[in-house]
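Fold and contact review
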Amino acid sequence: QVQLVESGGGLVQAGGSLRLSCAASGRTFSFYGMGWFRQAPGKEREFVAASRWSGGSTYYADSVKGRFTISRDNAKNTVYLQMNSLKPEDTAVYYCAVSTGWGSPLRPDEYNYWGQGTQVTVSS
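The text that follows walks through the structure, step by step, so that each part is easy to find.

Our focus in this paragraph is the packing of aromatic side chains. The description of two aromatic rings rests on the distance between their centres and on the angle between their planes. Counted by the stated rule, this structure contains nine aromatic pairs. Between Phe37 and Tyr111, the ring centres sit 5.0 Å apart and the planes meet at 80°, which makes this aromatic pair edge-to-face. Of the two residues, Phe37 is situated in strand E4 (residues 33-39) and Tyr111 in the loop between strand E9 (92-99) and strand E10 (113-114); the sequence distance between them amounts to 74 residues. No difference in accessibility class separates Phe37 from Tyr111, as the two residues are buried. Ring geometry for Trp102 and Tyr111: centres 5.9 Å apart, planes at 55°, overall tilted. Trp102 sits in the buried class, given a relative accessible area of 13%.

This model, assessed by the stated rule, comprises one disulfide. What pairs with Cys22 in a disulfide is Cys96, and their sulfur atoms sit 2.0 Å apart. For the disulfide bridge between Cys22 and Cys96, the dihedral angle about the S-S bond is near 50°, and by the sign convention the bridge is right-handed. One end of the pair, Cys22, is in strand E3 (residues 18-26); the other, Cys96, is in strand E9, with 74 residues separating them in the sequence. We note that Cys22, like Cys96, is buried.

Tracing the backbone shows Glu6 in strand E1 (residues 2-7). For Glu6, which is buried and forms no salt bridge, the nearest opposite charge comes from Arg45, at a distance of 7.7 Å. A distance of 2.8 Å separates a polar side-chain atom of Glu6 from the backbone nitrogen of Cys96. Among the polar contacts listed, one links the side chain of Glu6 to the backbone nitrogen of Gly117, at a separation of 2.8 Å.

It is worth spelling out the pattern of salt bridges at this point. Applying the stated criterion to the full structure yields five salt bridges. Across the pair Glu46 and Arg38 runs a salt bridge whose closest N-O atoms are separated by 2.5 Å. Judged by relative accessible area, which is 5%, Arg38 ranks as buried. Salt bridges linked by common partners bring Arg38, Glu46, Arg67 and Asp90 together as one network.

On to the nonpolar core. Membership of the largest hydrophobic core comes to 34 residues, with the highest contact counts inside it found for Trp36, Leu81, Met83 and Tyr94. Within the residue set of this core, elements represented by two or more residues are E1, E3, E4, strand E5 (46-52), strand E7 (68-73), strand E8 (78-83), E9 and strand E11 (118-123). Considering each element in turn, this core owes the most residues, five residues, to E9.

Moving on, we come to the environment of Leu86. Tracing the chain through its elements places Leu86 in the loop between E8 and E9. Given a relative accessible area of 2%, Leu86 falls into the buried group. Each C-alpha atom of the pair Leu86 and Thr118 lies 16 Å from the other, and the pair is 32 residues apart in sequence. Beyond its immediate chain neighbours, meaning those up to four positions away, Leu86 contacts Val12, Ala14, Gly15, Gly16, Ser17, Leu18, Arg67, Phe68 and Val122.

The rules behind the values
Residues numbered from 1 in each chain as written. Predicted model: local features only at pLDDT ≥ 70, side-chain atom pairs only at ≥ 80, totals over all residues. Heavy atoms only, no water. Phe/Tyr/Trp six-rings, centres within 6.5 Å; stacked < 30°, edge-to-face > 60°. Helix = DSSP H or I, 4+ residues; strand = E, 2+ residues; numbered from the N terminus. Buried < 20%, exposed > 50% of the residue type's maximum accessible area, 1.4 Å probe, protein only. Disulfide = S-S within 2.5 Å. Lys, Arg positive; Asp, Glu negative; His and termini not counted. Salt bridge = Lys/Arg side-chain N within 4 Å of Asp/Glu carboxyl O. Polar contact = N/O pair within 3.5 Å; in protein donor to acceptor, adjacent residues only side chain to side chain. Core = buried A, V, L, I, M, F, W, Y, C linked by side-chain atoms within 4.5 Å. Contact = heavy atoms within 4.5 Å.

What follows is the structure, encoded as structure tokens:
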């Protein structure tokens, strides 16, 4: 089994920064990639960022490119999402997810395990 625990969410003013963490436990040897998604009230879950677990390729939604950075610490089995220059439209519940093999890292259905989510609220 795999468990993912997110942390680091909170309330921040527009222009501020937050760093989300996602600590993984369990069958980490099966990880192929990890991603961050978000879901705002009344909207579908959307892709934010993803990274190969072994390193190399990273992927970003156009809406966060240049502002958000995904990184990982394999020794700690933890993935981070550094969020800078936050905007009110970034307000959502943020979820981390693990894929054991993806065709496209942008699709939620390519991920096998999900965390419980952490709320990010950006005030104007």
